[in-house]
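Residues per chain, in single letters:
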Protein chains: 4
Amino acid sequence: MTEPIRDLAHFSHLELLTPKPDESLHYFREILGMEVSGESGDSVYLRAFGDYERSSLKLTAAEQPGVGHIACRAQSPEALGRRVAALEAAGVQGEWLDGDLGHGPAFSFFDPDGHRLELYYESERYRPPAELRPALKNQPQRFTGRGVCVHNLDHVNFLAVDPAENRVFAEQHLGLRLTEQILLDDGTEAGVWLTSNQKSYEVVYTHDQTHTRGRLHHIAFFVEQREDVLRAADIFLEHGVVMESGPHKHAIQQTFFLYTWEPGGNRIEIASGGHLILDPDHEPVVWSQAERAKGQAWGMKTVASFHIKGTPPVPEEDVLLADAGH
Amino acid sequence: MTEPIRDLAHFSHLELLTPKPDESLHYFREILGMEVSGESGDSVYLRAFGDYERSSLKLTAAEQPGVGHIACRAQSPEALGRRVAALEAAGVQGEWLDGDLGHGPAFSFFDPDGHRLELYYESERYRPPAELRPALKNQPQRFTGRGVCVHNLDHVNFLAVDPAENRVFAEQHLGLRLTEQILLDDGTEAGVWLTSNQKSYEVVYTHDQTHTRGRLHHIAFFVEQREDVLRAADIFLEHGVVMESGPHKHAIQQTFFLYTWEPGGNRIEIASGGHLILDPDHEPVVWSQAERAKGQAWGMKTVASFHIKGTPPVPEEDVLLADAGH
Amino acid sequence: MTEPIRDLAHFSHLELLTPKPDESLHYFREILGMEVSGESGDSVYLRAFGDYERSSLKLTAAEQPGVGHIACRAQSPEALGRRVAALEAAGVQGEWLDGDLGHGPAFSFFDPDGHRLELYYESERYRPPAELRPALKNQPQRFTGRGVCVHNLDHVNFLAVDPAENRVFAEQHLGLRLTEQILLDDGTEAGVWLTSNQKSYEVVYTHDQTHTRGRLHHIAFFVEQREDVLRAADIFLEHGVVMESGPHKHAIQQTFFLYTWEPGGNRIEIASGGHLILDPDHEPVVWSQAERAKGQAWGMKTVASFHIKGTPPVPEEDVLLADAGH
Amino acid sequence: MTEPIRDLAHFSHLELLTPKPDESLHYFREILGMEVSGESGDSVYLRAFGDYERSSLKLTAAEQPGVGHIACRAQSPEALGRRVAALEAAGVQGEWLDGDLGHGPAFSFFDPDGHRLELYYESERYRPPAELRPALKNQPQRFTGRGVCVHNLDHVNFLAVDPAENRVFAEQHLGLRLTEQILLDDGTEAGVWLTSNQKSYEVVYTHDQTHTRGRLHHIAFFVEQREDVLRAADIFLEHGVVMESGPHKHAIQQTFFLYTWEPGGNRIEIASGGHLILDPDHEPVVWSQAERAKGQAWGMKTVASFHIKGTPPVPEEDVLLADAGH
């Protein structure tokens with residue numbers, strides 16, 4: 001048995017595209033309580049109070065909502081070198097970019113479904129400005145308590161025409177581990193949950209029923225208590241933010257969740273709970289079609305839009321929602 | 001720069017000694033809500049509902065309270081081999097033991113202060129009996145809700161005559177990472193917080209003011225919400241369990257805590273919160289003497305017994321407590 | 001302006017009918033965590049740990065689920081006398097009963113929809129047995145922490161063919177205050193929330209779409225934190241208890257709720273939050289048809305069964321559910 | 001037996017004196033999250049988001065910290081008339097004042113210890129400005145989530161040279177009910193907890209060890225969850241607000257508490273939990289000297305300053321604190 005690859009430290013930031021940059025910025029800064037930590041071109045960089053790096057979200061003006069790229073930090077320069085070599089050896093086309101504000105050179109490439117990924121190692125050590133300096137020195141930044149006041153970027157959920165193909169790619173080339181999975185009766189993998197570390201998941205691929213490539217289902221931000229998710233719901237209510245579903249508990253991964261739409265059209269989750277995978281031999285948990293049909297952990301039936309809508313939106317979504325009786 | 005050692009997966013279980021085995025068992029089973037998962041000789045094995053292995057606590061009858069050993073699981077057979085070879089190359093005396101119930105051969109040795117540590121890899125995959133089978137298949141065991149219903153063993157805090165010496169040993173031979181540290185004005189390391197993975201700490205060494213070797217300060221069990229710690233306090237109150245300190249928030253590591261005494265005399269913490277160290281370059285947070293003098297995060301002054309008492313108890317504790325005005 | 005009637009202290013206990021007395025008893029004792037405090041004939045008396053009287057629930061074996069009676073304690077013997085005199089003066093037929101275990105003579109009568117109500121004043125002062133004695137003397141009973149461990153009976157929601165008629169009766173003869181109300185576009189009162197004290201509601205009447213009299217929609221038990229409702233959901237999940245809806249936040253009254261079915265077929269709510277009505281001039285909050293169509297506070301659409309099903313069940317429910325597309 | 005007096009609805013607002021009006025205003029508005037709802041002369045009026053009246057706090061610039069007056073709303077004009085007649089019949093000197101912003105004429109008088117009380121009935125119905133309009137129409141104002149975001153004024157704790165004398169006054173003339181009490185071995189009442197309604201306490205008198213009249217121990221604001229008190233502690237920490245004691249649970253009344261000092265020198269409590277007194281015959285809970293010596297509910301020893309310091313400060317406090325070894 002070969003020992004597993006452990007070259008990646010964690011998925012660290014994400015570029016989100018929005019056709020309504022001002023409204024989206026208001027959502028992330030005033031409602032989610034993130035801080036602006038830089039700007040460049042059409043992009044604004046934002047951070048959550050628990051992030052140790054400069055930013056976890058790059059918000060970029062674009063014609064359509066969706067995801068620009070997602071970045072993953074390597075454990076070391078050597079580890080980064082190994083991953084790039086492995087990708088190139090496998091024929092994956094990539095290029096070195098100068099990197100976003102806050103980190104060094106990044107190797108950029110596409111997963112099989114067409115989402116752009118970046119690997120990098122060098123990272124600026126973030127020092128907060130005076131007004132954001134924390135009372136406790138082991139905290140990267142002050143807890144402002146503004147709005148939802150999210151703690152950190154938790155995970156990204158991509159849509160993919162074929163989740164299995166992307167899982168194999170992530171396992172073989174990036175060394176991600178599969179922790180949970182939906183396996184339909186016909187053998188199709190309808191969803192895969194993957195991680196580079198002891199968090200139980202960082203990247204998810206779920207089936208895109210519109211058969212379109214490169215789309216985003218949602219990104220999730222973490223809060224520390226389940227009560228913080230309930231408080232977030234009260235805050236969204238007062239701000240007129242539409243909540244699609246939740247608060248409730250996922251059967252898969254057991255996360256306590258709440259889904260909203262940010263003004264640019266992307267689905268944003270507020271998540272808490274979950275658990276660590278400490279077992280180096282952890283066997284993926286496989287959910288059958290019948291098990292998934294039971295709904296969420298406490299019995300809530302998932303709303304149809306959750307299964308169908310993604311960003312950028314495609315006309316096929318409307319057809320599918322109409323079929324679902326909405 | 002050499003790449004860091006990442007051979008250990010996590011600290012997984014601990015043997016606790018008690019002169020009152022029946023009363024201690026009642027505390028862990030009925031009040032903390034753990035399950036008995038085995039027995040052998042003078043020992044009873046217990047597990048928390050979130051543990052993936054058979055047990056996280058081995059409770060052994062003994063003349064004095066204290067710690068028997070603590071065990072750490074390796075990432076792989078190869079990783080285990082590398083750690084044992086490194087220890088032996090450094091002249092550390094050890095022996096292979098058949099292992100506790102639930103895991104395979106363990107390499108047993110002592111840290112510089114005299115606490116017994118064990119490294120192993122092979123682990124039985126735990127399958128709960130029918131009455132403990134969970135509703136969600138990604139949960140190792142049913143959530144019974146009995147008593148405090150702790151989720152998992154969180155960390156151990158050893159007392160040590162010289163914490164620095166033990167830190168160096170753990171870094172060099174085990175590949176543990178230092179995440180936080182108390183550094184007195186005279187250069188003494190009064191406390192060190194170490195981890196083998198992305199939890200921010202698993203093993204702590206704090207200075208033993210009685211200058212006795214091999215003692216235990218406390219072990220900690222994790223609950224998922226801060227509110228669960230408050231609920232635990234209500235349960236301890238009803239059971240007449242003495243609470244030494246808390247609930248409150250630690251400045252170091254930011255854990256929300258509550259300390260109690262189990263009937264055998266050992267200090268047991270209920271902990272929640274904390275954070276992950278995702279940064280592969282994380283710089284240890286160093287707390288000065290002046291910073292420590294400020295008390296806990298929200299201002300509570302630490303009670304004198306917390307600084308002095310450990311297990312097994314030694315007469316010197318009484319002298320020190322008398323000096324502290326108690 | 002006449003001063004309002006303030007003769008009633010609070011709605012205090014309820015008799016629930018069940019065709020599965022053993023299973024229902026298991027639900028209330030082992031899952032909700034109530035204590036048995038007496039038995040007589042086909043009835044078992046249960047209490048929550050925050051109740052100051054002997055019991056808040058009388059569970060009675062019957063052919064059909066539903067409600068036997070609900071009891072309200074008067075402020076004083078004189079207040080009781082005034083209410084009975086007023087009811088009799090208004091031509092309401094009633095009779096004096098010896099009372100359930102734990103209280104004195106009760107005046108029994110029917111509301112316009114046919115639910116049986118009882119008024120009483122004399123109440124036994126409950127003293128818990130040794131094993132249920134609390135650590136804090138201002139608490140009526142020990143907090144056992146068993147199961148959901150509900151704190152007290154919170155409210156009852158009756159179904160009524162004509163909620164308005166029952167509201168007028170309750171206001172005029174009992175001195176209950178209306179705090180919130182659903183008023184449809186055609187002037188129909190679809191729901192009325194009433195209280196005898198500073199709790200914002202104790203008794204609710206909502207429209208019975210099956211046009212059957214004397215039915216129950218649900219009874220609710222209170223827990224002290226919203227987190228306790230989430231914990232309850234985890235406990236129900238492990239016990240295989242079906243959750244109809246929630247956890248979520250009601251728009252009306254703002255209670256955080258979770259609805260389950262007890263084995264006898266009655267709907268049981270776990271509720272937290274809510275607020276006090278301290279304003280002696282409080283104007284009822286009136287919700288229009290359009291406002292109600294928005295769903296619950298955080299956007300969840302109410303499931304069809306919630307609008308239709310009650311106890312005892314009637315064949316008409318199936319017709320209505322079929323019409324609703326279920 | 002005469003029926004009890006029920007003429008008062010609730011204690012509703014309080015005037016707090018501060019020598020640092022700007023800093024105090026910053027504390028209440030930015031840190032506690034209250035809204036300014038008016039100004040007049042040297043006073044600023046503030047409200048919490050759950051208050052149905054215009055304001056619950058009148059902050060007035062003064063040379064010394066302390067309390068200006070506390071106001072209680074009557075159930076009706078008739079009830080107000082009855083209370084004033086009873087006070088005057090008992091020889092209590094009082095005068096009619098035009099009232100603070102937001103309410104009508106108030107009858108002003110002093111309790112035996114010299115605190116100024118006001119009784120009134122007429123109250124302006126508060127309508128929030130557009131930016132503070134709530135999403136739910138049964139909520140008086142938007143939940144802004146700013147800072148601690150307190151829900152309402154909960155209670156006031158006066159210091160008194162002789163708590164018993166003030167209890168008798170409050171029972172006889174105001175119809176307040178005693179719910180809990182500290183009774184020392186020599187028969188002295190060291191503390192009394194009183195209410196006008198079903199809240200378990202609204203006004204407390206505890207013994208002033210400096211033998212000075214008319215002083216304030218603290219005022220308390222309510223938050224809805226215990227977790228909100230923990231979150232408040234995190235917010236106070238970031239703002240550099242000194243926390244005197246807590247978070248912890250009171251044995252008396254079981255409130256979950258946290259005490260801070262506002263910049264003007266007054267002690268401010270953040271409180272949650274507690275319970276309703278629904279029993280019209282509730283017997284006061286009497287705590288003995290030995291029971292009080294046990295400390296708070298979960299074992300925390302009360303800090304010496306809590307027993308001694310009040311506002312306005314008096315030199316005798318320093319003597320007493322020195323005696324207590326501080």
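Rules and cut-offs
- Residues numbered from 1 in each chain as written.
- Chains lettered and ligands numbered in written order.
- Predicted model: local features only at pLDDT ≥ 70, side-chain atom pairs only at ≥ 80, totals over all residues.
- Heavy atoms only, no water.
- Helix = DSSP H or I, 4+ residues; strand = E, 2+ residues; numbered from the N terminus.
- Contact = heavy atoms within 4.5 Å.
- Buried area = accessible area lost by both parts, 1.4 Å probe.
- Salt bridge = Lys/Arg side-chain N within 4 Å of Asp/Glu carboxyl O.
- Polar contact = N/O pair within 3.5 Å; in protein donor to acceptor, adjacent residues only side chain to side chain.
- Nonpolar A, V, L, I, M, F, W, Y, C, P; charged D, E, K, R; others polar.
- Pairing = 2+ DSSP bridges.
- Axes fitted to C-alpha atoms, helices over the stretch in contact; angles between N-to-C directions.
- Buried < 20%, exposed > 50% of the residue type's maximum accessible area, 1.4 Å probe, protein only.
- Least-squares fit on C-alpha atoms with pLDDT ≥ 70 in both.
- Parallel < 35°, antiparallel > 145°, perpendicular 65-115°, else oblique.

(A) Examining unusual backbone geometry more closely. Cis geometry is adopted by the peptide bond preceding A:Pro312, which originates at A:Thr311 and carries an omega value of -5°. As for its placement among the helices and strands, A:Pro312 is situated in the loop between helix H6 (304-308) and helix H7 (315-323). The residue B:Cys149 is not glycine, and still its phi comes out positive at about 50°. By the element assignment, B:Cys149 lies in the loop between strand E8 (116-120) and strand E9 (152-160).

(B) Fine view of the interface of chain A and chain B. Facing 45 residues of chain A, the contacting portion of chain B comprises 45 residues. In total, chain A and chain B occlude about 3900 Å² of area from one another, counting both sides; carbon and sulfur atoms represent 46% of this. Linking chain A to chain B there are 12 salt bridges. The interface formed by chain A and chain B holds 31 residue pairs in polar contact (both at pLDDT 80 or more) in total. Broken down by secondary-structure element, the contributors of at least two residues to the side of chain A that touches chain B are strand E1 (8-18), strand E5 (66-74), helix H2 (77-89) and strand E17 (285-288) of chain A. Looking at side-chain class alone, the side of chain A that touches chain B contains 16 nonpolar, 12 polar and 17 charged residues.

(C) Summary view of the interface of chain C and chain A. Each partner contributes to the interface: chain C provides 15 residues, whereas chain A provides 15 residues. Summed over both sides, the interface of chain C with chain A buries roughly 1300 Å², with 53% coming from carbon and sulfur. Interface area lost by chain C to chain A is led by C:Arg226, C:Leu230 and C:Trp298, which between them contribute 44%. Where chain C meets chain A, there are 6 salt bridges. The salt bridge involving A:Arg226 is made with C:Asp234; its shortest N-O contact spans 3.2 Å.

(D) Quick peek at the sheet that holds strand E1 (residues 8-18) of chain B. Residue and element names in this part refer to chain B. Ordered by their spatial adjacency, 8 strands build an open sheet running E2-E3-E4-E1-E5-E8-E7-E6, and the pairing between neighbours is mixed. Either end of the sheet is taken by a strand with one partner, and the two such strands are strand E2 (35-40) and strand E6 (94-97). When the angles between neighbouring strand axes are averaged without regard to direction, this sheet yields 25°. Across the sheet, helix H1 (residues 21-31) lies against E1, E2, strand E3 (43-47) and strand E4 (57-61), angled at about 160° from E4, the strand it touches most.

(E) View of helix H1 (residues 21-31) of chain C. For H1(C), the complete set of buried residues consists of C:Ser24, C:Leu25, C:Tyr27, C:Phe28 and C:Ile31. Among the residues trailing H1(C), C:Gly33 stands out with phi positive, at a value near 80°.

(F) Just the environment of A:Val150, in detail. Residues and elements named next belong to chain A. One can find Val-150 in the loop between strand E8 (116-120) and strand E9 (152-160). Here Val-150 falls in the buried class, since its relative accessible area comes to 0%. Residues Val-150 and Glu-238 lie 88 residues apart in sequence; the distance between their C-alpha atoms is 17 Å. Sequence-distant contacts of Val-150, that is, excluding residues within four places in its chain, are made with Leu-32, Met-34, Ala-48, Phe-49, Phe-221, Phe-222, Val-223 and Ile-270.

(G) Spatial organisation of the pattern of salt bridges. Summed over the entire model, instances satisfying the criterion amount to 100 salt bridges over all chains. Close ionic contact of B:Arg116 with B:Glu118 constitutes a salt bridge, the shortest N to O distance being 2.9 Å. According to the relative accessible area criterion, B:Arg116 is partly exposed, its value standing at 22%. Here C:Glu30 ties to C:Arg29 by a salt bridge, and the two come within 3.6 Å at their closest N and O atoms. Residues joined by salt bridges that share partners form a network here, namely A:Arg73, A:Arg125, A:Arg127, B:Asp279, B:Asp281 and B:Glu283.

(H) Seen up close, the pairing of strand E15 (residues 255-261) of chain B. Residues and elements named next belong to chain B. For E15, the buried fraction is high: 7 of the 7 residues fall into the buried class. When strand E14 (residues 243-249) meets E15, the two strands line up antiparallel, connected through 4 bridges. In the strand pairing of E15, Met-243 is matched with Thr-260. In sequence, E14 turns back onto E15 through a hairpin of 5 residues, with Gln-253 there showing a positive phi of about 70°.

(I) Highlighting the relation of the copies chain C and chain A. After a rotation of 180° and a shift along the axis of 0.0 Å, chain C superposes on chain A with an RMSD of 0.0 Å. Both chain copies can therefore be described as sitting about a two-fold axis. Considering only C-alpha atoms, the residue of chain C closest to the rotation axis is C:Glu227, which sits at 3.2 Å. The share of interface residues of chain C whose copies in chain A are also at the interface is 100%, consistent with both copies meeting through the same surface.

(J) Focus on the packing of helix H2 (residues 77-89) of chain C against helix H3 (residues 163-174) of chain C. Residues and elements named next belong to chain C. Packing of H2 against H3 leaves a shortest axis separation of 9 Å and a crossing angle of 125°. Relative to H3, the element H2 is oriented oblique. Of H3, the residues touching H2 (which contributes Arg-83, Ala-86 and Leu-87) are Phe-169, Gln-172, His-173 and Leu-174. Of the residues belonging to the contact of H2 with H3, the class tally is 4 nonpolar, 2 polar and 1 charged.

(K) Geometry of the sheet that holds strand E9 (residues 152-160) of chain C. Residues and elements named next belong to chain C. Pairing within the open sheet is mixed, and its 9 strands lie in the order E14-E15-E16-E13-E9-E12-E11-E10-E17. If you trace the sheet from one side to the other, it starts and ends with strand E14 (243-249) and strand E17 (285-288), each paired once. Adjacent strand axes in the sheet meet at a mean angle of 15°, parallel and antiparallel pairs treated alike. As defined by bridge partners, strand E15 (residues 255-261) adjoins strand E16 (residues 267-273) across 7 bridges and the pair is classed as antiparallel. By the bridge assignment for E16, Leu-258 is matched with Ile-270. In the packing of helix H4 (residues 226-239) onto the sheet, contacts are made with E14, E15 and E16, and the angle to E15 comes to roughly 15°.

(L) Structural detail: the pairing of strand E10 (residues 177-183) of chain B. Residue and element names in this part refer to chain B. With 5 of 7 residues buried, E10 lies mostly within the body of the structure. Bridge count between E10 and strand E11 (residues 189-195): 6 bridges; the pairing is antiparallel. Residue pairing across strands places Arg-177 opposite Thr-195, the latter belonging to E11. In this structure, the hairpin formed by E10 and E11 is closed by a connection of 5 residues, where Gly-187 is found at a positive phi of approximately 90°. Direction of pairing for E10 relative to strand E17 (residues 285-288): parallel, over a ladder of 4 bridges. By the bridge assignment, Ile-182 is partnered in E17 with Trp-287.

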